[in-house]
Structure formats: C-alpha cells, structure tokens
Amino acid sequence: MGYAHEYAAAIMHRGRVPMDPADYVPNWHDGPRKAKYHPGADGFPLPDAPYPAGATLDRGLFPEGAPEEGEFDLVSLSGMLRDSYGLTGRRLGVQANTDLNALPFYPLANWSRGSASGGGLYPVSIHWVSGPSAPVPPGVHYYSTRHHTMQRLLTGDVSGQVREALGDGAPGPETDQYLVLGIKYWQNSFKYNSFSFHAVSMDLGACVQTWRMWAAARGLAVEPALWFDEERLAALLGVDPPQEGIFAVVPLKWAGNEPGSGRRCAAAPVSVRRVDVERSRTVLTFDALLRMQAATSADATARPAPDALGPAAAHPVDPELPEVALPPARPLDADVRTALRARRSSFGRFDAQKPVTADQLAACLAAASAGSRLGGDTGDARLAQVYAFVSHVEGVEPGSYVYDPGRRSLRRVKEGRPGEFLQRNYFLANYNLEQAGAVLVPTVRTTAVLDAVGDRGYRLVNATIGAVAQSVYTAAAAVELGCGVALGFDNISYIEELGLEGTGEAPLLIMMIGNERPAPADFRYEIA
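Quick look at the overall build of the protein
At step 1: A tally of regular secondary structure across the protein gives 14 helices and 17 strands.
At step 2: Radius of gyration (C-alpha) of the protein: 22 Å, near the 24 Å computed for a compact globule of 528 residues.
At step 3: For the C-alpha atoms alone, the extent of the protein along its principal axes is close to 65 × 50 × 50 Å.
At step 4: A burial count over the protein gives 59% of its 528 residues as buried.
At step 5: Put simply, 82% of the contacts in the protein that link residues at least 6 apart link residues at least 24 apart.
At step 6: Side-chain charges in the protein split into 48 positive and 58 negative, and the spacing between the mean points of these groups amounts to 6 Å.

Focus: helix α10 (residues 358-370)
At step 1: In a regular helix each residue adds 1.5 Å, so 13 residues correspond to 18 Å; α10 covers 18 Å between its end C-alpha atoms and thus fits that length.
At step 2: Across the 13 residues that make up α10, a large majority, eleven, are buried.
At step 3: Burial in α10 covers these residues: Ala358, Gln360, Leu361, Ala362, Ala363, Cys364, Leu365, Ala366, Ala367, Ala368 and Ser369.

Remarks on the sheet that holds strand β3 (residues 110-112)
At step 1: Spatially, β3-β2-β17 is the arrangement adopted by the three strands of the open sheet, whose pairing is antiparallel. Two strands lie at the open edges of the sheet, namely β3 and β17 (522-526), each paired on one side alone. When the angles between neighbouring strand axes are averaged without regard to direction, this sheet yields 30°.
At step 2: Two strands pair when backbone bridges link them, and strand β2 (residues 89-93) and β17 are joined in this way by five bridges, in the antiparallel orientation. Looking at β17, one finds that Arg91 is bridged to Arg524.

A look at the pairing of strand β4 (residues 124-130)
At step 1: β4 sits mainly inside the fold: seven of its seven residues count as buried.
At step 2: Residues Val124, Ile126, Trp128 and Ser130 point to one face of β4 and Ser125, His127 and Val129 to the other, with burial holding for every one of them.
At step 3: Sheet topology note: the β4/strand β7 (residues 177-184) ladder contains seven bridges and is antiparallel. The residue bridging Trp128 from the neighbouring strand is Leu179, located in β7.
At step 4: Taken together, the four bridges between β4 and strand β5 (residues 139-144) define a ladder with antiparallel strand orientation. Bridge assignment links Val129 to a residue of β5, and that residue is Val140.

Side note on the pattern of salt bridges
At step 1: A full pass over the atoms with the stated rule returns 20 salt bridges.
At step 2: For the salt bridge of Arg232 with Glu164, the shortest nitrogen-to-oxygen distance reads 2.7 Å. With Arg232 in helix α7 (residues 230-237) and Glu164 in helix α4 (residues 159-166), this pair connects stretches of sequence that are 68 residues apart.
At step 3: Assessed through its relative accessible area of 27%, Arg232 is described here as partly exposed.
At step 4: Judged by its relative accessible area of 41%, Glu164 falls in the partly exposed class.
At step 5: With a shortest N-O distance of 2.8 Å, Arg456 and Glu230 are connected by a salt bridge. Of this pair, Arg456 sits in the loop between α12 (446-453) and α13 (457-478) while Glu230 sits in helix α7; the two residues are 226 residues apart in sequence, bridging distant segments of the chain. In this pair, the class of Arg456 matches that of Glu230, namely buried.
At step 6: Through salt bridges with shared partners, one network takes in Glu323, Asp404, Arg407 and Arg411.

Cut-offs and rules
- Counting starts from 1 at the beginning of each chain's written sequence and moves along it residue by residue.
- In keeping with the predicted nature of the model, local features appear solely for residues at pLDDT of at least 70, side-chain atom pairs appear and are counted solely at 80 or more, and the whole-chain, interface and lining totals rest on all residues.
- Note that water and hydrogens are dropped before the side-chain values are worked out from all heavy atoms of the structure.
- For helices the rule is a DSSP run of H or I covering at least 4 residues; for strands it is a run of E covering at least 2, with both sets numbered from the N terminus onward.
- This radius of gyration counts C-alpha atoms alone. The globule rule is 2.2 Å times how many residues there are, raised to the power 0.38.
- Buried residues are those whose accessible area, probed at 1.4 Å on protein chains only, stays under 20% of the maximum for their type, while exposed residues exceed 50% and partly exposed ones sit between those limits.
- Should any heavy atoms of two residues lie within 4.5 Å, those residues are counted as being in contact.
- Counting rule for charge: Lys and Arg are taken as positive, Asp and Glu as negative, and neither His nor the chain ends is counted.
- Where a charge sits is defined by one atom per residue type, namely NZ (Lys), CZ (Arg), CG (Asp) or CD (Glu).
- In a helix, the anticipated span is given by 1.5 Å times the number of residues less one.
- Two strands pair if DSSP finds at least two bridges between them.
- For every element, the axis is a line fit to its C-alpha atoms; helices are fit only across the contacting stretch, and the angle between N-to-C directions ranges from 0 to 180 degrees.
- Each reported salt bridge corresponds to a side-chain nitrogen of Lys or Arg within 4 Å of a carboxyl oxygen of Asp or Glu.

Interpretation note: all reported values are geometric properties and have no functional meaning in isolation.
Here you go:
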C-alpha cells in the first residue's frame, strides 16, 4: 500500500482532522505568477479560429458512431487553446466570494477562461512539441495564456523523444505533434499547501475534458495518456520533478503528417534551457506534496492493461431503490465555444424562488455521467457515480438521489429537504447551498483505483472528478443555469448521509446548480 492511500484518507478526514500545516497563512504579496515567465523567449501569435456551425455541446459531450477522424491544424489548435485556457474576458460582479474587495484593482483582476480551476489559479502549463508536419519550425513551445502566443523554448525536432517516452500501447494516433501538460505546484501550493495536490489534479481533468468536448464537437479526437516516462519528459522540458509534475500527453492527429513520421527519434537527449523564472522570493515545499509527486511518478511507465480499472468502476445502481423518472434532457444546442465563454461560478447568487426544471437537471446529470470517462489509456470504465441532493426542482420531491445513467432516471436514497444538512457541512461563506436547485456529488472508489493501478491512479481519480465538474459547469451554462463547485465540505458526513460506508465510494467535490438572482450587478469586458 503506497503513500497515496494515506494521502487519500487524510483528504477524506480533513474536515475533522486538519492536514499539516494547520496554521498556514499564504503570503499574498509574495505569491507566484499565474503563468510561467521565460525572459527573452521569442514567439508567434496564434491565428484567429472561427467556430463552425453545428459544433454543439451535445455533440461534444455525447459523440456518436466511429472515433472522430478529423485532423488538427494550427488554426484548430489555436481555437482549442484559446477556448480552454486562454483569457477571454474580465469579470467583476457583486457576489459572495472572499476576494471581492480586491477584484476592482487591475493587478488583482479576475480574468475568465473556459476551463474551471480550483481557486482560479490555473496551474496547468501547456507545452506544444511540434515535429516537421507543423507549419512552424519544429521545437518545444510554451502556450502563453495571457498573450495567446506560442513561446519558443527549443528549436529542433524532439517529437521522437515524446513518442519514446509514451512507450508501447499509448493512445492516440501515430504523429509528430504533442501537447504535454505539466503542473507547477507552487502556483497552487502557495495558497493551499498540502491540500494542493488534491486540487491541481482536478485542474488537469477540467482542462483535458474541455479539450475533449471542444474536439469532439468539431470531429476531432483528444485521447490523453497519463502513463509515460515522466522523468524523461521533465528533462526534455527543463523542469525540476519535485517542483513540477508532468501529468498528461495528448497526441494530435495532424493534417499533413506522413505515416511513420511519429517514429523518428532525436539522435541524443536534449533539454530546454530557457526555463521559467519564479516571481516569489520565497518558495516553500510541503512534505505531503513532495511525497505525492514522488509516489505518483515512481511507476509512471507501468501503463495498466485496458481492463485493469474494471474492478474499480462505479457500482451498478441498486435496482431496489425507488425510481423517479426524469423527462428527456434539455438539448445542449449551444455551440461549445459559447457555452465555455458563459461558464462561471455563481458565488452565492443562487435564488430558490425560481426552481430548476426537471429537464435542466436531467441535462446536467447526463453531462456529469459523460464526464466520468476520461478516455485515453485509462480505458472505458465509468469511474464516477453521481448523487443529487434535490431542494428546488420542478416535479422532483426534495431528497437525496443517485443517478441511474442506464435509465437516465433518479433512484431515491433518502426523503426530506437536504438544505440543513448541506449548509451545516459546508465550511465556507460564499454559498448558501439551500438556495441551489440541486447539489450534485460525484464519488469515485479511490481505494479500488489505487489497488488496481497503483499510486499514479490518484491523478486519474481526481482528473476524472475535474472532468465531471467541467462537464457540469459547461452544461449548466448551456441550459442557462448558474453553477458553483466547491471542495470545502465534510466528506465523511456525506458518506454517512448517503449510506456509502460499505461501498468504498469517496465524495470528492460538490457541484451546485440553480437559477440566480435577477438583474445581477455585473461588469463584464470581453477580450476574445
């Protein structure tokens, strides 16, 4: 049993037993940048990327038929990056989050993005390793989110090194174009200390799920690899593994790529020398974070067999539980780009006077279930189960339910209004959970996943939860509901309330959906 089991247990109990360091206070004045900084790096702006008609969220979440056969080019890559992690606008509104007083000041402005991120910190770093088939000189590029540009960090074809690092059995096409996703821990740990590994691995899933939805809606495919030679890729990118983990590689099927070009290898190992310069004068380390990086990267090349996660899949829904029918889900006919630009956190603006409709709830539940399969080398097992605490939904009695994805219905777990339970077990002051129409709770059998694929499976567990959250956020925007996601709740109380003591299911996140107060005081300035 590896350290990830111990860390997972500490996360589940942190509402009752604080994690070390319990007295930690962030030094906001010495915080890190929200992106990497490479002095002197040249680069080029990415092209505009019009969004095609018919690329709806329904198609992005629920692609049908054979795997997508479309090919990426520089324009589509630009659009996917802009809509997922690029800055799209400035937002300032009267709401209940604790940072409200700071937002009017420009240096502390809140910039919206398509993907969600814990604490709005966005620690995922995106590198594009391009081979000869791209319309730019081969090399390693860093995606600068603030400028929507590619910064060149290395010139030369090193795509073969990435292919070798992926090893046999890697998902995706044979190619010479890769997106490599790392997580710079200090961008998150300066605020969340030991808890940060739990949060940042969800950020990875939110980003990848945005790409999967965006790509599928346009007839493209994104299949992430989570198992590869992490040490080799860290060396290629010039990062220090204890400070930055390499979490995923996405091979891109590229227009003009010649068969076999993805098998070329560099003659000798090379490394990026133009490295990130940290803003913080003092960079702290946290024992739990260092141990989790070490534990989850130790067997990074041991890709699990395709059926390895079968024993850790979500349990079938108990057919003996009373069934509550749902109407067909409201169509998610907004295009993915529009839905991503509308996505935001409600931060206490829910208003129960206007209940959620049953078809809106059905759409959000279906989206949550669709996000529970991350794809790539994680297989097709549905890892997440979705529960719903219903307070204000037309045609659905208040109570707690489990979603039955096969029948697209609810199964009643417990009757009665859940508002008092929800608010009593929420630690922050930025939401009134009773005012939400429903609170959705994804669970994963974390211990079973770790037993099946080892400590690296912890990254998969939380990436799955992040993908579920991003799917719900985006679906809620498409059906004109407010949405909020939070980690500050007593996990153990949820296990007890839902009767999960014997199932091994871990409630890892809560997702609130509902209508918001009319005529909000909002300032929005779109930049994309």
